[in-house]
Amino acid sequence: MKTKAAVLFRTVGLSFKIAPFSSGLMIFYYVLEALIPTAIVMVTTSLLNSVLAFSNGEDAQFNKVIFWSVAVFGIYFTQQIFELISNLVINMGVYEKYISYARINLSEKAARLPLIDFENPDVLDKQKRAMECIEYEKLSQLFMSATVCGCALVSVISLSLTLMQFSVFFLPICILSVIPYLIISFLRGKEFYYMKYHQAKKERMLEYLWSLFCEKEAGKEIRVFGCDHYLIEKYEAVKQEVLNEEWHFYKKEVKSLFVCDVIKVTGFVLSIFLSILLAVQGAITVAVFGSCINAFSNVQAKTKEFLTELAFLPDLIRYAADYFDFLNLPEVAVGREKAAVFSDEIQLSEVSFTYPSGKSAALKRINLSIKKGSTVVILGENGSGKSTLSRIIQNLYVPNCGGVTVDKMPLSPESSWHEKISVVNQDFMKLYLTVKENIQISQLDKDLPKPTFDSIMANLKLADPEKTEIAMNTKLGKEYDGIELSGGQWQKLAIARGNFRDSALVILDEPTSALDPLIENDIFTRFMAKDHDQTRIIISHKVGLSKFADQIIVMKEGQIIETGLHQELINKDGEYKKLYLAQSEWYA
Ligand code: ADP
Ligand code: MG
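Residues numbered from 1 in each chain as written. Chains lettered and ligands numbered in written order. Predicted model: local features only at pLDDT ≥ 70, side-chain atom pairs only at ≥ 80, totals over all residues. Heavy atoms only, no water.

Colleague: How do you make sense of the coordination of the magnesium ion (ligand 2) when you look at a structure like this?
Modeller: Around a metal, the perfect tetrahedron of four donors has angles of 109.5 degrees, and the perfect octahedron of six donors has angles of 90 or 180 degrees. On the protein side, the magnesium ion (ligand 2) has Ser 387 (OG) and Gln 426 (OE1) as donor atoms, found 2.0 to 2.4 Å from it. Placement of the pair is Ser 387 in helix 10 (residues 386-393) and Gln 426 in the loop between strand 6 (421-424) and helix 11 (435-440), with a sequence separation of 39 residues. A relative accessible area of 15% means that Ser 387 is categorised as buried. (Donors = N, O, S within 2.8 Å, 3.2 Å for Na, K, Ca; no water. Helix = DSSP H or I, 4+ residues; strand = E, 2+ residues; numbered from the N terminus. Buried < 20%, exposed > 50% of the residue type's maximum accessible area, 1.4 Å probe, protein only.)

Colleague: Looking at this structure, how should I read the site of ligand 1?
Modeller: With respect to spatial proximity, the complete set of residues near ligand 1 consists of Glu 119, Tyr 355, Ser 357, Ala 362, Glu 381, Asn 382, Gly 383, Ser 384, Gly 385, Lys 386, Ser 387 and Thr 388. In the model, an oxygen atom of ligand 1 is placed 3.2 Å from a nitrogen or oxygen of the Ser 384 main chain. Between Ser 387 and ligand 1, the recorded distance is 2.8 Å, taken from a side-chain N or O atom to an oxygen atom. With the chains in place, 66% of the 560 Å² that ligand 1 exposes on its own is no longer accessible. (Near = heavy atom within 4 Å. Polar contact = N/O pair within 3.5 Å; in protein donor to acceptor, adjacent residues only side chain to side chain. Areas by Shrake-Rupley, 256 points an atom, 1.4 Å probe, with all protein chains shown as cover.)

Colleague: Is there a simple way to explain the pairing of strand 4 (residues 401-406) in this structure?
Modeller: Successive residues of a regular strand alternate their side chains across the two faces of the sheet. Across five bridges, strand 1 (residues 345-353) lies against strand 4 in antiparallel orientation. Across the sheet, residue Ser 349 finds its bridge partner in strand 4, namely Gly 403. In terms of strand pairing, strand 4 meets strand 5 (residues 409-410) through two bridges, oriented antiparallel. Bridged to Val 406 within strand 5 is Met 409. Counting the residues between successive antiparallel strands, the hairpin from strand 4 to strand 5 contains two residues, one of them, Asp 407, with a positive phi of roughly 50 degrees. (Pairing = 2+ DSSP bridges.)

Colleague: What is the right way to read helix 10 from this model?
Modeller: Structural remark: α-helix, 3.6 residues per turn; residues separated by three or four positions point the same way. Counting buried positions over the eight residues of helix 10 gives seven, a clear majority of the element. Taken as a whole, helix 10 has its buried residues at Lys 386, Ser 387, Thr 388, Leu 389, Ser 390, Ile 392 and Ile 393.

Colleague: How should I be thinking about the layout of surface pockets in this particular structure?
Modeller: Here the idea is plain: a probe the size of a water molecule rolls over the atoms and shows the empty space left. Computed from the structure, the largest pocket encloses a volume of approximately 670 Å³. When residues of the lining of the largest pocket are traced back to their parent elements, those giving at least two are helix 10, strand 6 and helix 13 (487-500). Per-element tally for the lining of the largest pocket: the top contributor is strand 6, with four residues. (1 Å grid on protein atoms, 1.4 Å probe; cavity = no way out; pocket = protein on both sides within 12 Å on 5 of 7 lines; lining within 4 Å. Points joined across faces, edges and corners; volume = space filled by probe spheres on them.)

Colleague: Teacher, can you tell me more about the pattern of salt bridges here?
Modeller: Side chains that differ in sign of charge can pair as their charged atoms come close. Counting across every chain of the model gives 26 salt bridges. In this structure, Arg 112 and Glu 331 form a salt bridge, with 2.9 Å as the shortest nitrogen-oxygen distance. Here Glu 331 lies in the loop between helix 9 (286-328) and strand 1 and Arg 112 lies in helix 3 (residues 62-112), a separation of 219 residues in the sequence. Relative accessible area serves as the criterion here: at 36%, Arg 112 is assigned to the partly exposed category. With a shortest N-O distance of 3.5 Å, Lys 578 and Glu 575 are connected by a salt bridge. Taken as a pair, Lys 578 and Glu 575 lie in helix 16 (residues 575-587) at a separation of three residues, close to a single helical turn. Since its relative accessible area comes to 55%, Lys 578 is described here as exposed. (Salt bridge = Lys/Arg side-chain N within 4 Å of Asp/Glu carboxyl O.)

Written out as structure tokens, the structure reads:
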């Protein structure tokens, strides 16, 4: 209960933080609207009484008739104006602001989470629900529902007081006739939330399958392999499961709401009988008779509104709690701790690492020393752990056992180590922005003047002078009105990006897999000539790259099985030699 109230207060507080004016105006409007039904009942009763008196020959009542008529008109008119303004304020001021604020908040949070969290299905589900909370506008709905609920209560109390003046029996009839709504909404709300909670995994699967059809990358293979029907059937099967669950839910809801409606109408009929009884006994005038029924139906409507909104609250609070839960996930304050200078060596001692979803260790007891200024080539077949090792050295993952030190200083998750390194990843990022931005994004505070840009382009042989002119401000990505690059061209940009950043260590993870051997050789030769102080880790399964190495490391099944220089390893007659001979056959 206490935590629910805390979530509610946090949400309301957030509304006032994001949109203080609109939130304030919205509450003012709802309070005013809450009092309008009572005002209408009171004013129409007075109007009817004065009309009755006037028609009975009391001429003096004429002014009152005019006065109360104007009052009725005034109240309705004010209500309409407020409705118009508040719709605008609520939609633009509260809903839209909430969505954009919460989205930014969520992306910033995701960027501060440890990378390994994204391997954790629990975190991904939390993120999905937090995103749903925003997309379905649950936060603003919670704020709105809480306000409506509070104001409906104000309405109920003020109307009930008016109604009680006619007869005390109205109230119990009214409350009993609408209480089933509370029970049903409460139960269904809970059920709906848990249904959605358990559907999060299926929804993620659906989004993923859907994305396959929308993405160009997968689209190519889908066409060639002709597997579109297979994937669509998969999509439909999962979607059907989700729909079946929802259909079951809504069927149940409609049935229960029907029962509630019958009870409510019965209550209303009872109130009419009670009013007739009071009129026959002379306890109320015929004029008041109408107001009485009007007041009763208003109390009923407002009580129903209050109860249903009240029942929605726990469900909305659960959604909001998911959002806050995600925001509360522990983060790493990267950069809080100053990293070592890296003037000597990086040392890995007994480093082991298993992915949260991995069945076996991806790295097993790795011991490795990387001297400053050296070039280390890491070889090994697919899945041998090369990229994982690179992520450990990049400080993106924390080893489960063992540790990494730089100049004997342990590398902590909060270290500012990232500032000193640069990478060209196997799964590099494609930015659908300009060519210049694609390169400069690795170090935005560093100038990229046109001559430097041109020489980068010339070295990369990125532009094909006969076909495409690639200038600094050429936009990339056909979907965004830019030009399209080939896989190899994108890879060259990723290399340029990694190279552009001034760094003490650069890690190249299979950086040339999409390039032809001549260009690959050219790029590597230039890369190696750049800066002798820079330490380089080149990951590849191409043995040919070992000619650049001061140290060759051969990995297999998460372990380092050989290390040394080319000739030493050839003499060893082990895995390296096997790889070397297998690959040299191609060139023989
Ligand atoms: P390499 O780069 O040498 O091809 P990786 O470092 O990518 O190898 O992978 C090493 C091992 O870890 C493989 O068995 C792979 O299946 C596993 N692995 C890689 N990434 C993940 C992940 N995100 N979750 C679980 N297992 C993973
Ligand atoms: Mg890899």
